[in-house]
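Breakdown of the fold
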Amino acid sequence: MASPIPDPPPGSPPGSHPAPGALGQAAPTQERATRIEAHGIDHIPDSERHGRPRDLFSVWAAANVNYLSLVIGGALVLMGLSLWQSVAVIVIGNLFWLLTGLLATSGPAAGAPSEVITRAMYGVIGNRVMNAVGGWLVSVCYFALNLAAAAAAAFALVERAGITANTGIKAVVIVTIAAFTLAISVYGHAMIMKLYLPMTVVLAAAFAVVAVAVLGHTDFAYHPAPPLTGVDLWAVLLAGITLIASGPLSYTTSADFSRYLPRSSSRKAIIGWTALGAFLPSVAVCSLGAFAATAVDMTDPQAALQQLLPGWFHPVFLLALILGTISVNALTAYSAGLALQAVGIRIRRSVSVLFDGAVAVALTLYGLLVSNLLDTVSNSLQLIVVLIGPVMAIYATDILLRRCRYDGRALADETPGSPFWYTGGVRLAGALALTAGVGAAALCVNTLYTGPIASALGGVDLSLPVGMTVSAALYATLHTASTQTLRPVE
């Protein structure tokens with residue numbers, strides 16, 4: 001199937017698009033926040049690269065000052081950990097952001113998003129399958145869950161204003177939040193880079209007030225009664241680390257936001273600013289959730305935090321929750337749009353983003369207003385670390401083995417003559433490594449079901465380390481560097 005059509009340059013007639021020979025080579029244009037991004041999954045020429053690695057800090061910071069982090073932090077205490085055990089788990093789990101930073105280095109090297117770079121690991125056809133499941137489907141589900149969380153805050157805000165949040169009002173609220181989110185995603189990379197610094201500042205200020213209120217009520221000597229010990233303690237510690245790590249591991253698309261950086265950008269700087277931008281707010285906000293759980297019952301976080309916050313600040317807090325969710329969902333929708341293109345569907349990036357948003361809104365409306373679908377989706381995503389752990393491990397291993405040398409123009413070729421066509425469009429090294437890693441992780445999981453290895457270990461869930469280790473080791477073993485070492489196009 002041919003490559004997706006990139007969006008036309010600004011000023012083009014409606015419905016126009018580049019000639020087939022120009023696909024992946026859009027005319028050079030200055031990227032502006034007020035222009036819809038012209039590029040989709042096509043190669044970004046060096047003439048259109050700009051920015052500095054430190055610009056990535058605010059992108060990742062804004063996406064991680066959010067309500068979900070508070071909820072997860074509180075959940076660790078509810079699981080039976082002491083306060084400082086919870087903080088230790090939060091720090092260790094968030095160290096996985098270093099892998100997210102490593103993956104981001106492939107963006108400037110290839111001038112392509114992660115959804116295209118992974119053709120080097122799975123082959124053109126294999127990568128379409130991987131993107132359909134591990135990219136598009138997972139992203140849309142996350143979008144729906146985050147949208148549901150933002151909607152809950154918005155419903156509370158509406159009720160506070162004296163308006164009954166009936167079915168019609170709820171539908172309007174959900175669609176409105178989604179519209180703001182998708183507007184950012186449709187305008188694309190430049191809009192994200194423009195908005196996320198002020199969004200980071202606003203969210204940091206709001207959560208600073210939350211921090212003052214929470215810390216004033218925290219029991220810093222908190223221990224559960226009775227405390228967990230032995231195998232039970234290790235089971236909860238590993239489950240907590242997996243829960244925290246699922247956040248950074250879900251961003252196997254970090255190259256999407258770094259691909260416009262110049263090819264010469266420092267890899268260490270890209271890793272550092274990406275990881276630091278996500279690590280600091282994630283640790284801070286998750287820790288606040290754990291601190292709050294020592295003083296109030298965090299099974300209903302919004303109601304619990306309302307007991308700790310000043311009355312005047314509660315509406316501001318609800319608005320901050322909505323803004324934080326918009327910031328993380330805009331990144332999710334942006335990558336979901338690229339994933340849909342990478343599946344092989346000829347569709348413009350802006351249209352694919354809107355389609356993904358429409359599916360997510362439908363899931364959210366159905367889940368909140370008709371059934372418990374979102375609960376089902378949420379439970380399913382508890383198992384997603386079984387997939388995303390191995391995917392992240394294979395991607396990181398490939399970067400290390402190739403020394404981050406990728407030919408973006410060759411990666412854009414989807415024909416049988418492509419160097420990434422491999423055998424029938426599938427690279428066996430990636431396919432086998434992913435299958436083995438997922439299979440090994442499934443044997444060790446203890447979430448919706450208990451795998452045989454987890455059962456033998458008394459419920460200890462080793463799915464994350466086992467899945468990542470098996471997939472990385474097997475991929476490295478099968479990798480044939482002599483036939484796959486690629487050099488960047490000068």
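One can find the structure itself at the top, above this paragraph.
Reading guide: rules and limits
- For every chain, the first residue of the written sequence is number 1, and numbering continues from 1 along that sequence.
- Confidence filtering applies because this is a predicted model: local features only for residues at pLDDT of at least 70, side-chain atom pairs given and counted only at 80 or more, and all residues used for totals across whole chains, interfaces and linings.
- Neither water nor hydrogens contribute to the side-chain values; these are computed over all heavy atoms in the structure.
- Segments assigned H or I by DSSP are reported as helices when at least four residues long, segments assigned E as strands when at least two residues long, and all are numbered from the N terminus.
- Polar contact criterion, stated in full: a pair of N or O atoms within 3.5 Å, where within protein one must be able to donate a hydrogen and the other to accept it, and residues adjacent in sequence count only if both atoms are side-chain atoms.
- Salt bridges, as used here, are contacts in which a Lys or Arg side-chain nitrogen is within 4 Å of a carboxyl oxygen on Asp or Glu.
- Accessibility here uses a 1.4 Å probe with only protein chains present; expressed as a share of the type maximum, an area under 20% marks a residue as buried, one over 50% as exposed, and anything in between as partly exposed.
- Here, the term nonpolar core denotes a set of buried Ala, Val, Leu, Ile, Met, Phe, Trp, Tyr and Cys residues that are joined through side-chain atoms within 4.5 Å.
- We call two residues contacting when some pair of their heavy atoms lies within 4.5 Å.

1. Observations regarding the side chain of H39
Secondary-structure assignment places H39 in the segment before α1 (56-64). There is a polar contact of 2.8 Å between the side chain of H39 and the side chain of E48.

2. Digging into the pattern of salt bridges
Evaluation of the coordinates by the stated rule reveals eight salt bridges. For the salt bridge of E37 with R259, the shortest nitrogen-to-oxygen distance reads 3.1 Å. Within this pair, whereas E37 is found in the segment before α1, its partner R259 is found in the loop between α11 (230-249) and α12 (267-293), the two being separated by 222 residues in sequence. Each member of the pair, E37 together with R259, is buried. For the salt bridge of R349 with E37, the shortest nitrogen-to-oxygen distance reads 3.9 Å. Highlighted residues: R349 in helix α15 (residues 349-369) and E37 in the segment before α1, separated in sequence by 312 residues. Assessed through its relative accessible area of 4%, E37 is described here as buried. Beyond isolated ion pairs, a larger network of salt bridges with shared partners links E37, R259 and R349.

3. Details of the nonpolar core
Within the largest apolar cluster, 133 residues are counted, with the highest numbers of intra-cluster contacts made by I117, M121, L249, L305 and Y406. Apart from the residues within four sequence positions on either side, L249 is in contact with F96, L99, V385, I388, G389, M392, L464 and M468.

4. Here's the deal with unusual backbone geometry
With an omega dihedral of -5 degrees, the bond running from A225 to P226 counts as a cis peptide bond. By the element assignment, P226 lies in the loop between α10 (189-215) and α11. Even without a glycine there, the phi angle at C404 is positive, about 60 degrees. Judged by relative accessible area, C404 falls into the buried class, the value being 4%. We note that Y422 has phi near 55 degrees; this positive angle belongs to a residue other than glycine. Here Y422 shows up in the loop between α18 (408-411) and α19 (428-444). By relative accessible area, Y422 is classed as partly exposed at 23%.

5. Considerations on the side chain of S69
Mapped onto the secondary structure, S69 falls in helix α2 (residues 67-78). The exposure class of S69 is buried, given its relative accessible area of 8%. Once residues within four sequence positions are removed from consideration, S69 is found in contact with N64, V285 and C286.

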